[in-house]
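# Coordinate inspection notes
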Amino acid sequence: MTGSKGKLDEKEGVYKVSVPRKDLKVTTGGVHMTPAMGLTTWAAFQHAGKQTMVMGDLCLTEDQVNTVMSTALENGLEVTALHNHFFWDSPKVMFMHVGGMGDESKLAAAIGKVFAKIQETSGGKGVMVHADIDPASTSLSPAKIDAVLGQKGELKDGVYKVTIGRTTQMMGHQVGKTMGVNTWAAFAGSDEMAVTDGDFAMHETELQGVLKALRGSGINVVAIHQHMAGETPRVLFLHFWGIGRTEDLAKGLKAALDSQHR
């Protein structure tokens, strides 16, 4: 159902399907990269009681990331990380980690749809958003953003920025907004064509809801990772990038905020 033939590791009881990205012509610092050097998409399946667990790592070009992410989320998979594995790579390659637990056939079908979407969008057929925006010419209305988010920000150098604090514990001490445990969003441009970028601070249980809200609003996710180690509760960070009408972008961010268990 994945559309690709895998191999069973009898010792570990894991069936793994690997798809080398032979279609990519990547150089890293002048070095010609081959699939064996890390340019491979894979998914591994293992029985977990009466259910099946899947974990995978998807090798993607930048323009493929969000289209493939939406496909994964729409088919019941979780997206758990998004980051780079190399420096100085051309074209830039990102790696998206996915997982899931449930019926074996449904998980296999979901992975198959993800693999198919990767193939469908290869060769520059993915999506890359673009807009001619200069913060020096910002004319958007901060009041419209405030009305949607229910938060007031600060306009400086053509960028309107809203910051919302969270808290966690590290080494027996509470840390919060000013120490970097915060969600923030910056806006620039006009009411009809604006850009927003920023960072969501989330508990692990909030990640999938935030992802679905952002992608459902057409906002791109550009990284998912941690900023700290050893904090309780654990906090994940998600970086985003969106282009569109100011109010539409703000509504997308508000939907993601509302999905969190605050």
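Presented here is an overview of the structure given in this document. Here the structure is a predicted model, which means the values were calculated and not measured.

To continue, consider the overall build of the chain. Counting its secondary structure elements, the chain contains five helices and 17 strands. A compact globule built from 262 residues would reach a C-alpha radius of gyration of about 18 Å, and the chain, at 20 Å, matches this within 12%. Residues counted as buried form 45% of the 262 residues belonging to the chain. Total accessible area on the chain stands at roughly 13600 Å², and carbon and sulfur atoms take up 53% of it.

Looking now at the pairing of strand β5 (residues 40–48). Here seven bridges tie strand β2 (residues 14–20) to β5, and the two strands are oriented antiparallel to one another. Bridge assignment links S18 to a residue of β5, and that residue is W42. In the sheet, β5 pairs with strand β6 (residues 51–61) via seven bridges, with the strands oriented antiparallel. The partner of W42 across the bridge, within β6, is D57. The hairpin turn running from β5 into β6, its antiparallel successor, is two residues long, and G49 in that turn takes a positive phi close to 70 degrees.

Moving on, we come to the nonpolar core. In terms of nonpolar packing, the biggest core is built from 52 residues, with M69, F187, F200, L214 and L238 touching the most fellow members. Looking at this core element by element, the count peaks at seven residues for helix α2 (residues 104–121). Contact partners of F200, with chain neighbours within four places excluded, come to T183, V210, L214, L236, F237, L238, F240, L253, A256, L257 and Q260. M33, L39, F86 and F95 belong to the second largest nonpolar core, which has eight residues in total.

Turning our attention to helix α1 (residues 65–74). An α-helix turns once every 3.6 residues. As a result, residues three or four positions apart point the same way. With eight of ten residues buried, α1 is to be regarded as a mostly interior element. All buried positions along α1 are accounted for by V65, N66, V68, M69, S70, T71, A72 and L73. On the buried face of α1, the contacting elements are β6, β7 (78–83), β9 (93–102), α2, α4 (207–216) and β16 (220–226). Trailing α1 by a residue or two, G76 shows a phi angle of about 85 degrees, which is positive.

Take helix α5 (residues 246–258) next. Spanning 13 residues, α5 covers 18 Å between terminal C-alpha atoms, matching the ideal 18 Å at 1.5 Å per step. Residues of α5 that are buried include every one of T246, L249, A250, G252, L253, A256 and L257, and no others. The buried residues of α5 occupy an angular sector of 155 degrees when the element is viewed end-on, so they sit on one face.

What counts as what
- Residues numbered from 1 in each chain as written.
- Predicted model: local features only at pLDDT ≥ 70, side-chain atom pairs only at ≥ 80, totals over all residues.
- Heavy atoms only, no water.
- Helix = DSSP H or I, 4+ residues; strand = E, 2+ residues; numbered from the N terminus.
- Rg over C-alpha atoms; globule rule 2.2 N^0.38 Å.
- Buried < 20%, exposed > 50% of the residue type's maximum accessible area, 1.4 Å probe, protein only.
- Areas by Shrake-Rupley, 256 points an atom, 1.4 Å probe, with all protein chains shown as cover.
- Pairing = 2+ DSSP bridges.
- Core = buried A, V, L, I, M, F, W, Y, C linked by side-chain atoms within 4.5 Å.
- Contact = heavy atoms within 4.5 Å.
- Expected span 1.5 Å × (residues − 1).
- Arc of directions from axis to C-beta.

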